[in-house]
Amino acid sequence: MMGPVVTHSEPHTMRFLPVNRNALLVELADLDATLALLNALQRQPIAGVEELVPAARTILVQFRPAAVTAAQIVRDIATRDISGRAERSDVLVEIPVHYNGEDLADVAELLGISQEEVVRRHTGSEYTVAFTGFAPGFGYLVGGDPIFNLPRRSSPRTRVPAGSVALAGTFSAVYPQASPGGWQLIGVTDTPMWDLSRELPALLQPGYRVRFVDASKLAAADSAATGASTTSPAPTATDTANATGLKVRATGLLTVFQDTGRHGQAGQGVSASGAMDQIALKTGNRLVGNASHLAALETVGGGLQLQSKGDTVIAVTGANAPITVTTAQGQRWPIERYTPVALADGDTLAIGQPTAGARCYVAVRGGFDVAPVLGSCATDTLALVGPSALKIGELLNVHTSTRAAIVSNVELAPDDLPTLEKDVVLDIEFGPRTDWFTPEAAALLTSQRWQVTPQSNRVGLRLNGDAPLTRTVSAELPSEGTPLGALQVPANGQPVLFLADHPLTGGYPVIACVAPHHLDLAGQIPVGAWLRFNAIRPFQELSAAADAPAECNPPSKP
């Protein structure tokens, strides 16, 4: 039986929902209350809170448990005055639009007005950037003409061109880059929403005011720049005689630069990304004497081959894969993982197909000479932010090590990496939307085996089980913040486990989240493996009058 959508009669009611040990979700009555609370938290921050991810009716609060508890955050937020409206920014952004969108006629018909009237009403109001998400530079704009309350397309497009001006629900937006999307397209702009050459790459920041201008009526339409690529220039590919580094002989399935991630960029719609297995990354750097946060190469599957130009010191960590070194004269021998290895000029390192785990990391002493983007060298494969994936023939230059750090001895390799032969067990914490599902669905999540499908990648693991998870709430969920490790359940009832390159916000309910201590394990799960979920915390709303619920195993029904 389908249940009702959760609503609140009190105008300033808050709900506090558990997410994981590092995050909680504050649900509010409407967007105005959400923006008012966001404004209050930005003016008077809570010590220990690391990031706020606002959405239509929620704020995801991510924090350091060592500095502040969930109960302390709940008690603080519960006392905040959100009766007023959020302050508006002094920044006004004007966006010229060519109103020739594919859905303009359909929008006019749905609203019962002419196409000219659609344009007049769309350009006749001032908007505010409520929050960002979906993609870097994608701002959800509110405050337009009340007539604009439109459904998404019944069949989303596989590709929406960059610069498309679109409507969905009561929101307006501009697509910063080409991507799939189901919004109604009414026009296009040449003004880039995302440009890494700007001090703030995202043109639209939360709180900014926006006005759309009919480009056909401008006396002189200055053609705006088409926008910079969201990827940074590839590492130096010039093979100079005196360069020291690693030359790419083969890339394998996918090899990218990763570090500990670009945190704190939620305001621009950018997630942290970073290494899927953070422990393996940090251990590799420690083995070669680097600071633990430096960028290393992350390669999935086998096939990566790197030839040393000059003398280098490398270490390979992560998945259990055969590794060999071949000299310029053809001599070949195996090397061990989790140990520093000196490569002479001309030596070629080759990584084979893993037998356990999915991703290997290659760290080099001194660190790779690669340009950071927004303070990080991580490659975000969904948002297309960061260095490009490796290409055959390019030279990855290496910094000369000036630190007095000592190259480490052999480290113990993990002995519990996932395989195809044995079920992988991940601890989970129920919430924040467990109450959108039947009690039977919550029980099924932990009792059923789930297989990782070939559609999985750094964005997430797509899972398939014999029985789908059923919901009690059938209404569409407004987009809300989603953390690393979220188990989002789309309409087909088959969960998706969000990984490093997941979007900041999602439009499907999250039934549970993988516990933080198992995130590195999740990042090593290969396609085809079978998963089981072990609940360590039940779903229970957080209260300002009580501490967070204690761990339990097995969980109680939500």
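What counts, and where the lines are drawn
Residues numbered from 1 in each chain as written. Predicted model: local features only at pLDDT ≥ 70, side-chain atom pairs only at ≥ 80, totals over all residues. Heavy atoms only, no water. Phe/Tyr/Trp six-rings, centres within 6.5 Å; stacked < 30°, edge-to-face > 60°. Helix = DSSP H or I, 4+ residues; strand = E, 2+ residues; numbered from the N terminus. Lys NZ or Arg CZ within 6 Å of the ring centre and 35° of its normal. Buried < 20%, exposed > 50% of the residue type's maximum accessible area, 1.4 Å probe, protein only. Contact = heavy atoms within 4.5 Å. Salt bridge = Lys/Arg side-chain N within 4 Å of Asp/Glu carboxyl O. pLDDT = per-residue confidence, 0-100. Core = buried A, V, L, I, M, F, W, Y, C linked by side-chain atoms within 4.5 Å. Pairing = 2+ DSSP bridges.

Counted under the stated rule, the structure contains eleven aromatic pairs. Between tyrosine 140 and phenylalanine 171 the ring centres are 5.5 Å apart and the planes differ by 80 degrees, which places this aromatic pair in the edge-to-face class. With tyrosine 140 in strand E7 (residues 139-142) and phenylalanine 171 in strand E10 (residues 171-174), this residue pair connects regions lying 31 residues apart in the sequence. Among the aromatic residues, those joined into a ring-pair cluster are Phe131, Phe134, Phe138, Tyr140, Phe171, Tyr175 and Trp183. The ring centre of tryptophan 530 lies 4.2 Å from the NZ or CZ of arginine 449, which sits over that ring.

Take the environment of threonine 453 next. Note that threonine 453 resides in the loop between strand E28 (450-452) and strand E29 (460-464). Residue threonine 453 is classed as buried on the basis of its relative accessible area of 14%. Sequence spacing of threonine 453 and alanine 529 is 76 residues, and the spatial spacing of their C-alpha atoms is 8.4 Å. Excluding its chain neighbours within four sequence positions, the residues that come into contact with threonine 453 are Arg462, Leu463, Asn464 and Val527.

With that out of the way, let us pick up the pattern of salt bridges. Under the defined criterion, the tally for this structure stands at 23 salt bridges. Its salt-bridge partner being glutamate 126, residue arginine 211 comes within 3.9 Å of it at the nearest N-O pair. Of the two residues, arginine 211 sits in strand E13 (residues 209-214) while glutamate 126 sits in the loop between helix H4 (115-123) and strand E6 (127-132), which places them 85 residues apart along the sequence. Residue arginine 211 is classed as partly exposed on the basis of its relative accessible area of 26%. The partner of arginine 458 in a salt bridge is glutamate 298, with the nearest N and O atoms 2.7 Å apart. Taken together, the positions of arginine 458 in the loop between E28 and E29 and glutamate 298 in strand E17 (residues 296-300) put the pair 160 residues apart, joining distant regions of the chain. There is no split in this pair, since arginine 458 and glutamate 298 are both buried.

Looking now at the confidence of the model for the protein chain. On average, residues of the protein chain carry a pLDDT of 89, and 90% of them reach 70 or more. For residues 219-239, every residue scores under 50 in pLDDT, and the model assigns this stretch 44 contacts once sequence neighbours within four places are set aside.

By size, the foremost hydrophobic cluster in this structure holds 58 residues, and its most contacted members are Leu426 and Leu445. It is strand E34 (residues 510-514) that provides the largest number of residues to this core, a total of five residues.

Attention now moves to the pairing of strand E2 (residues 23-28). With six of its six residues buried, E2 lies for the most part within the structure. Of the two faces of E2, the one holding Ala23, Leu25 and Glu27 and the one holding Leu24, Val26 and Leu28 are both buried throughout. As defined by bridge partners, strand E1 (residues 14-20) adjoins E2 across six bridges and the pair is classed as antiparallel. Considered in E2, the bridge of phenylalanine 16 is made with valine 26. What sits between E1 and E2 in their antiparallel hairpin is a turn of two residues. Note that E2 and strand E4 (residues 58-63) share five bridges and pair antiparallel. Residue pairing across strands places glutamate 27 opposite threonine 58, the latter belonging to E4.

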